[in-house]
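# Analysis of the macromolecular model
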Amino acid sequence: MTGRPLLPPVEYAAANAEVRAVYDEIMALRGTDWVNDFWKVLAHDPATLRRTWDSVRQVMAPGALDPLTKEMLYIAVSITNGCAYCINSHTAAARAKGLTDAQLGELIAVVGMANETNALATAWQVPVDERFEGGGRE
């Protein structure tokens, strides 16, 4: 996406207490003194800002998937959804977690291939093989 947002980013100095609280959490968790524009634009709707930040913080927290894998999945979905902002921000986050150029190239190849074969299976209305139903669970 290029151009200007529908509303300008809400800078820290102009933010109300509710928005500043979220900004403070973002900066503390990330160990930075900076909040990126995604959050600053969402700040026009403090309830959406809070809900989205809480969800992202929970989903991207350590779990069964390691942090780099989560960022790579975020990149893959962002590529498929065509979100330039998310592709770039999550690639930067993944690089900070160790993503290499080779891994990024392979990830993009897998995303491209998955999108192509998904489109073909959908267009041809290929039925799911019985042994694949349920994702292979017996």
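Above this note sits the structure.
Small disclaimer: the values here were computed from a predicted structure and weren't measured.

Membership of the largest hydrophobic core comes to 13 residues, with the highest contact counts inside it found for Val19, Tyr23, Ile26, Val35, Trp39, Ala43 and Leu49. Sorting the residues of this core by element identifies helix H1 (17-30) and helix H3 (46-59) as the ones contributing at least two each. Here this core takes five residues from H1, the largest share from any one element. Listed in part, the nine residues of the second largest apolar core include Leu68, Ala94, Leu104 and Leu107.

A separate point is the packing of aromatic side chains. Evaluation of the coordinates by the stated rule reveals four aromatic pairs. The interplanar angle of 80° and the centroid separation of 4.9 Å between the aromatic rings of Phe38 and Trp39 together place this pair among those described as edge-to-face. Residue classification places Phe38 among the partly exposed residues on the basis of a relative accessible area of 33%. Grouped by ring-pair contacts, the aromatic residues Phe38, Trp39, Trp53 and Tyr85 constitute a single cluster.

Rules behind the numbers
Residues numbered from 1 in each chain as written. Predicted model: local features only at pLDDT ≥ 70, side-chain atom pairs only at ≥ 80, totals over all residues. Heavy atoms only, no water. Core = buried A, V, L, I, M, F, W, Y, C linked by side-chain atoms within 4.5 Å. Buried < 20%, exposed > 50% of the residue type's maximum accessible area, 1.4 Å probe, protein only. Helix = DSSP H or I, 4+ residues; strand = E, 2+ residues; numbered from the N terminus. Phe/Tyr/Trp six-rings, centres within 6.5 Å; stacked < 30°, edge-to-face > 60°.

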